[in-house]
Amino acid sequence: MKSVIRTAAGGPEVLRLVERPVPEPGPDEVRVRVHVSGVNPTDWRSRRRPLPPGMTEQVPHQDGAGVIDAVGSQVDPVRVGQRVWIWEAAWERPWGTAQQYTLVPAPHAVDLPDHAPFELGAALGIPALTAHRALTVHDGGPGRIAPGTLRGATVLVAGGAGAVGNAAIQLARWAGARVVTTVSSPAKAVLARAAGAHHVVNYRTQDAAADILAFAPEGVDIVVEVAPGANSALDIAVAAPGAVVAYYSGGEDEHLSVPVLSSLAANLRWQSVFVYTVPRAAKQQALTDVAAAVDAGALRVGEEAGVPLHRFALERTADAHAALERGVVGKVLLDIP
């Protein structure tokens, strides 16, 4: 089979296309014939770091979608032939989705309904699970995402044209929240509206705090934050009493500095979200809810859903990484032959 591997840390040039034997699943694993591999910022960032201990090579990419074609001895054989989306394929494992066949623990392959295209399945994983966690850490909140669970809440999504931002908008809308988002350009504003945001603020040309508070005079209850260091002052200015700022990203040298008394008086909560290590029960709830959202048609991909698709062939994996590092807007995918 064709696989993309890396044997060292570095730039996109460390990714090589090789031939490898088709692997056999272990007792609790399934083998998936990958149709589409999803590329996330976490993939190129991990590529720059040394291989995990004990590995001499690794296939990149956590997310993907395809069809189960073999199962281990402890897995129900009825799963053979099932369309699935894959999450965390390469987390502390050698088998990512940038190859024709991959192995994952059986729970890491989630049923993908017939009406959902493989490109949607490959775009779920990291973005949707991260967005779910950010939307469900509010004190006294429902802890789950389903129709009506966020009714009455106002959500601010920083960077609504990004992959996590897009998923957060779609999930929050499905759950009944009012959604406001910030963007940096008119083109990104179009994408955020396509995702379903009720109100879009261009922070480069508008007074973001004033515009957000005009939309939500009582403040926002949940902030899904991509740049906490840069946006902390804005988040404090627009947060409702008891709000949570759930941040999931930041630059290598970014620091979060919060004025104590401003946050203290409002009982604000600053919550980090690192999808790989969220509590097990929260991860399972996210998987359940995201699968339900897909089944209901509440999660979509494509430019009409605010997520332009950028597709690359497997042999152009390095180009896909380079495009994502340059900041291409939308979802980067590999089509697996």
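Quick summary incoming for the structure in this document. No experiment lies behind these values; they were computed from the predicted model shown.

1. Topic: the overall build of the protein
And then number 1: A tally of regular secondary structure across the protein gives 10 helices and 15 strands.
And then number 2: At 20 Å, the protein has a C-alpha radius of gyration in line with the 20 Å of a compact globule built from 337 residues.
And then number 3: Once the C-alpha set of the protein is aligned to its principal axes, its extents read approximately 60 × 40 × 35 Å.
And then number 4: The long-range share in the protein, meaning contacts at least 24 apart out of those at least 6 apart in sequence, stands at 69%.
And then number 5: As presented, the protein carries roughly 13900 Å² of accessible surface, and 53% of it is formed by carbon and sulfur atoms.

2. As for the packing of aromatic side chains
And then number 1: The tally for this structure, following the rule as stated, stands at 3 aromatic pairs.
And then number 2: On the basis of an interplanar angle of 15° and a centroid distance of 4.3 Å, the ring pair of W91 and Y276 is categorised as stacked. With W91 in the loop between strand 5 (83-86) and strand 6 (101-105) and Y276 in the loop between strand 13 (269-272) and helix 9 (280-295), this pair connects stretches of sequence that are 185 residues apart.
And then number 3: By relative accessible area, which is 30% here, W91 ends up partly exposed.
And then number 4: Geometry around F118 places R83 over its ring, the cationic atom sitting 4.4 Å from the centre.

3. Things to note about the pattern of salt bridges
And then number 1: Tallying each qualifying case throughout the model produces 12 salt bridges.
And then number 2: The closest approach of N and O atoms between E19 and K2, which form a salt bridge, is 3.3 Å. With E19 in strand 2 (residues 16-19) and K2 in strand 1 (residues 2-5), the pair connects residues that are 17 residues apart, well separated along the chain.
And then number 3: Residues R31 and D69 are paired through a salt bridge, measuring 2.9 Å at the closest nitrogen-oxygen approach. Here the residue R31 occupies a position in strand 3 (residues 29-39), and D69 occupies one in strand 4 (residues 63-71), the gap between them amounting to 38 residues.
And then number 4: A relative accessible area of 10% means that R31 is categorised as buried.

4. Some remarks on unusual backbone geometry
And then number 1: Although it is not a glycine, H61 sits at a positive phi angle of roughly 90°.
And then number 2: Residue position: H61 is located in the loop between helix 1 (41-47) and strand 4.
And then number 3: Taking relative accessible area as the criterion, H61 reaches 1% and is therefore assigned buried.
And then number 4: Phi at E88 takes a positive value of approximately 50°, unusual for a residue other than glycine.
And then number 5: With respect to the helices and strands, the residue E88 is situated in the loop between strand 5 and strand 6.
And then number 6: Judged by its relative accessible area of 6%, E88 is buried.

5. Here we look at helix 10 (residues 317-325)
And then number 1: The set of residues buried in helix 10 consists of T317, A320, H321, A323 and L324. The arc enclosing the buried residues of helix 10, seen along the axis, measures out at 160°, which places them on a common side.
And then number 2: Check the buried side of helix 10 and you find it contacts strand 1, strand 3, helix 1, strand 14 (309-313) and strand 15 (331-335).
And then number 3: Just downstream of helix 10, G327 is the residue with a positive phi angle, here 95°.

6. A few points about the environment of V59
And then number 1: Tracing the sequence through the fold places V59 in the loop between helix 1 and strand 4.
And then number 2: If we skip the residues at most four places from it in the chain, V59 touches V4, I5, A90, P94, W95, G96, T97, A98 and Q99.

7. Some points on the nonpolar core
And then number 1: Formed by 57 residues in total, the largest nonpolar core has its most connected members in W85, L135 and V224.
And then number 2: If one sorts the elements of this core by residue count, helix 4 (residues 163-174) sits on top with 7 residues.
And then number 3: Aside from chain neighbours lying at most four places away, what touches V224 is A134, L135, V155, L156, V157, A158, A168, A246 and Y248.
And then number 4: By size, the runner-up hydrophobic cluster in this structure holds 17 residues, among which are F312, A320, L334 and I336.

8. Points about the side chain of E29
And then number 1: Structurally, the position occupied by E29 is in strand 3.
And then number 2: In terms of polar contacts, E29 uses its side chain to reach the backbone amide nitrogen of G26, at 2.6 Å.
And then number 3: A polar contact is formed between the side chain of E29 and the side chain of R93, at a distance of 3.0 Å.
And then number 4: Those residues in contact with E29, other than ones at most four positions away along the chain, are E24, V71, G72, V75, R93, L103, V104, P105 and A106.

Thresholds, definitions, all that
Residues numbered from 1 in each chain as written. Predicted model: local features only at pLDDT ≥ 70, side-chain atom pairs only at ≥ 80, totals over all residues. Heavy atoms only, no water. Helix = DSSP H or I, 4+ residues; strand = E, 2+ residues; numbered from the N terminus. Rg over C-alpha atoms; globule rule 2.2 N^0.38 Å. Contact = heavy atoms within 4.5 Å. Areas by Shrake-Rupley, 256 points an atom, 1.4 Å probe, with all protein chains shown as cover. Phe/Tyr/Trp six-rings, centres within 6.5 Å; stacked < 30°, edge-to-face > 60°. Buried < 20%, exposed > 50% of the residue type's maximum accessible area, 1.4 Å probe, protein only. Lys NZ or Arg CZ within 6 Å of the ring centre and 35° of its normal. Salt bridge = Lys/Arg side-chain N within 4 Å of Asp/Glu carboxyl O. Arc of directions from axis to C-beta. Core = buried A, V, L, I, M, F, W, Y, C linked by side-chain atoms within 4.5 Å. Polar contact = N/O pair within 3.5 Å; in protein donor to acceptor, adjacent residues only side chain to side chain.

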